[in-house]
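Chains, contacts and geometry: an overview
As a plain string of letters, each chain reads:
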Amino acid sequence: MALWGGRFEEGVDDFTQRFGASLPVDKHMYAEDIAGSRAHAKMLAAQGIISAEDQQKIDAGLEGILHDIEAGNFTFDINDEDIHMAVEAELTRRIGSAGARLHTGRSRNDQVITDTRLLAKELCAQIMKGNVALRHALVDQAVAHPHVVMPGYTHMQHAQPVLFSHHLLAYFWMFSRDFARLQFALDQADENPLGSAALAGTTYPLDRQMTTRELGFARPTANSLDAVSNRDFLLDLDYACAVSMMHLSRLAEEVILWSTQEFAFITLSDSYSTGSSIMPQKKNPDFAELIRGKSGRVYGDLVALLTTMKGLPLAYNKDMQEDKEGVIDAAHTLVDSMRCMAGMIATATIHPDAMMESARKGHMAATDVADYLAKKGMPFRDAHAVVGHLVLECEKRGCSLDDLTLADFKKESDLFEDDITGALDLPAIVDARTTEGGTGASAVAEQLKKVEARLSADEAALSA
Ligand code: ARG
């Protein structure tokens, strides 16, 4: 009979027992569950609710169980329903009535959410570490290739030349915002619900500040009903994971494009590629594709929990048991995807010549030629039309703007002089974009200072 079996005459049917059990998922929270119980027992003893002797037995018993689980010497029994019942039942088997006093002033409703909050904090910390490692990989490649020019795109059409380093650093900032979202999710998880009991608090004189300190939470929750019903912090974590997977997916897409024959901007290392079982020549960017694909399941984890929570009345409802599997999946998927992406970026070979060759196509100097005329007094709209004409001429001749002679330019406007060559040189075009946050080498050097500052701040936050 289950620990709650007193008012029942029959046990639960075998199949429904398994259907209702969360043990296969929440057994992974054994360490959190045991930590929560040890803190609770310590506080019960400090408040004189249980004896010091019972507390010592409980603490030693729980430590023994922890040890056995970690050593692989613990067999979980699905009849225990969840990790809370499994640990408590085993404790009582081991130490007798002292074990049966552990649940004084506590419910599985505040217990499960205490464990889940501890788990969420740990998952956030793991993801944040992976996030910093990935950003290091991006920055290292950016720093290693400071002057490489590549085509910048809008609508997947050549737009204006940019520095490859600037392109990589764009991703750095995306992942930096993900880090901030994870910090928020971590802060949301950082509240101690223990002491809320089933839904209403309890008649025992619990010291919630003490368990808050013992478990390393920032503060106790303020409302017992909200405390046992709240899964928002998991949604915050799921959302942070979903956005970060979206960023990874975008980067993966570029990596895939860049390693095509058509682009050939990069070559992936063999250790981040696969072959084909039939075509001997193939080298496929499987892992980038997999990362792109895995974004789907992480979005699914977010939507699944949103949907589970929708329409739930206060306070605890069993529906909420569905909360943990998705968030664990989202977090692990993201950690693995970031690790894979960091390695893929770090080991990729960059082909500056291919990028430059591509950048020469598509008349990417056009804006700068228009700016050249505008700076000499022509209204920008008119300059745009003049250069549009020149581009049309190039298209007809099958050449590029820098193949035109000064006479060709002068035919469209006599503002053109010898110095027009400056507006046609791709590295010069890039370097002229000195606006704060722009792609010019000097602006990117300034940006790198912000990048370093951001990385150090985030690393400091991680080790705090
Ligand atoms: N296994 C449950 C869960 O994961 C624990 C809380 C159950 N509480 C209850 N009253 N049935 O949500």
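Heads up: the structure comes first, above all this text.
First, a word on what this report is: a plain description of the structure on this page. (Residues numbered from 1 in each chain as written. Predicted model: local features only at pLDDT ≥ 70, side-chain atom pairs only at ≥ 80, totals over all residues. Heavy atoms only, no water.)

**Comments concerning empty space enclosed by the protein**
- For the structure shown, the criterion picks out 1 cavity of 30 Å³ or more.
- The volume enclosed by the largest cavity comes to roughly 50 Å³.
- Lining the largest cavity, in full, are Gln 141, Phe 164, Leu 168, Val 255, Trp 258, Ile 266, Ile 345, Ala 348 and Ile 350.
- Among the elements of the structure, α8 (164-189) and α11 (232-258) are those that each provide at least two residues to the lining of the largest cavity.
- Partitioning the lining of the largest cavity into residue classes produces 8 nonpolar, 1 polar and no charged. (1 Å grid on protein atoms, 1.4 Å probe; cavity = no way out; pocket = protein on both sides within 12 Å on 5 of 7 lines; lining within 4 Å. Points joined across faces, edges and corners; volume = space filled by probe spheres on them. Helix = DSSP H or I, 4+ residues; strand = E, 2+ residues; numbered from the N terminus. Nonpolar A, V, L, I, M, F, W, Y, C, P; charged D, E, K, R; others polar.)

**As for helix α3 (residues 30-46)**
- The terminal C-alpha atoms of α3 lie 24 Å apart, and with 17 residues this matches the ideal 24 Å at 1.5 Å per residue to within 8%.
- With 12 of its 17 residues buried, α3 lies for the most part within the structure.
- The complete set of buried residues in α3 reads Tyr 30, Glu 32, Asp 33, Ile 34, Gly 36, Ser 37, Ala 39, His 40, Ala 41, Met 43, Leu 44 and Ala 45.
- The inward-facing, buried residues of α3 abut α2 (23-26), α4 (52-70), α5 (83-95), α7 (108-144) and α9 (208-214). (Expected span 1.5 Å × (residues − 1). Buried < 20%, exposed > 50% of the residue type's maximum accessible area, 1.4 Å probe, protein only. Contact = heavy atoms within 4.5 Å.)

**Points about the side chain of Asp 458**
- Summarising the element assignment, Asp 458 is placed in helix α19 (residues 441-463).
- When its relative accessible area of 5% is taken as the criterion, Asp 458 is described as buried.
- Non-local contacts of Asp 458, meaning those with residues more than four positions away in its chain, are made with Arg 135 and Phe 179.

**Considerations on the environment of Val 132**
- For Val 132, the position within the fold is in helix α7.
- A C-alpha to C-alpha distance of 47 Å links Val 132 and Gly 398, two positions 266 residues apart in sequence.
- Residue contacts for Val 132: discarding those within four places in its chain leaves Phe 179, Leu 455, Glu 459 and Leu 462.

**A look at the site of the ligand**
- In the region of the ligand, the neighbouring residues are Ser 22, Asp 26, Asp 82, His 84, Arg 108, Asn 109, Val 112, Tyr 316, Gln 321 and Lys 324.
- Contacts to the ligand include Ser 22, whose side-chain N or O atom sits 2.9 Å from a nitrogen atom.
- A distance of 3.0 Å separates a nitrogen atom of the ligand from a polar side-chain atom of Asp 82.
- Contact with the protein chains covers 86% of the free accessible surface of the ligand, which is 340 Å².
- Top element by residues in the shell around the ligand is α7. It accounts for 3 residues.
- Partitioning the shell around the ligand into residue classes produces 2 nonpolar, 4 polar and 4 charged. (Near = heavy atom within 4 Å. Polar contact = N/O pair within 3.5 Å; in protein donor to acceptor, adjacent residues only side chain to side chain. Areas by Shrake-Rupley, 256 points an atom, 1.4 Å probe, with all protein chains shown as cover.)

**Here we look at the packing of helix α15 (residues 366-375) against helix α16 (residues 380-397)**
- Where α15 contacts α16, the axes come no closer than 8 Å and their chain directions differ by 135°. As the angle between them shows, α15 and α16 are arranged oblique. Crossing geometry of α15 relative to α16 is assigned as right-handed. Every residue of α16 that contacts α15 at Ala 366, Val 369, Ala 370, Asp 371, Leu 373 and Ala 374 is listed here: Phe 380, Ala 383, His 384, Val 386, Val 387 and Val 391.
- Tallied by class, residues from the contact of α15 with α16 come to 10 nonpolar, 1 polar and 1 charged. (Axes fitted to C-alpha atoms, helices over the stretch in contact; angles between N-to-C directions. Parallel < 35°, antiparallel > 145°, perpendicular 65-115°, else oblique. Left-handed = near helix turned anticlockwise from the far one by under 90°.)

**Considerations on unusual backbone geometry**
- The peptide bond linking Leu 314 to Ala 315 adopts the cis configuration, its omega dihedral lying at 5°.
- Structurally, Ala 315 is set in the loop between α12 (286-309) and α13 (323-347).
- With a phi close to 60°, Met 156 is a non-glycine residue in the positive phi region.
- As for its placement among the helices and strands, Met 156 is situated in the loop between β1 (149-154) and β2 (157-163).
- Backbone geometry at Ala 197 places phi at a positive 55°, although glycine is not the residue there.
- As for its placement among the helices and strands, Ala 197 is situated in the loop between β3 (191-192) and α9.

**Let's talk about the packing of α3 against α4**
- Packing of α3 against α4 brings their axes to within 9 Å, and their N-to-C directions diverge by 170°. As far as their axial angle goes, α4 and α3 are roughly antiparallel. Here α3 contributes Tyr 30, Ala 31, Ile 34, Ser 37, Arg 38, Ala 41, Lys 42 and Ala 45 to the contact with α4, which in turn contributes Gln 55, Ile 58, Asp 59, Leu 62, Glu 63, Ile 65, Leu 66, Ile 69 and Glu 70.
- Partitioning the contact of α3 with α4 into residue classes produces 10 nonpolar, 2 polar and 5 charged.

**Some details on the pattern of salt bridges**
- Applying the stated criterion across every chain, the model contains 29 salt bridges.
- Asp 82 is the partner of Arg 108 in a salt bridge, and the nearest nitrogen-oxygen pair spans 2.7 Å. Of the two residues, Arg 108 sits in helix α7 while Asp 82 sits in the loop between α4 and α5, which places them 26 residues apart along the sequence.
- The buried category is assigned to Asp 82, whose relative accessible area is 4%. (Salt bridge = Lys/Arg side-chain N within 4 Å of Asp/Glu carboxyl O.)

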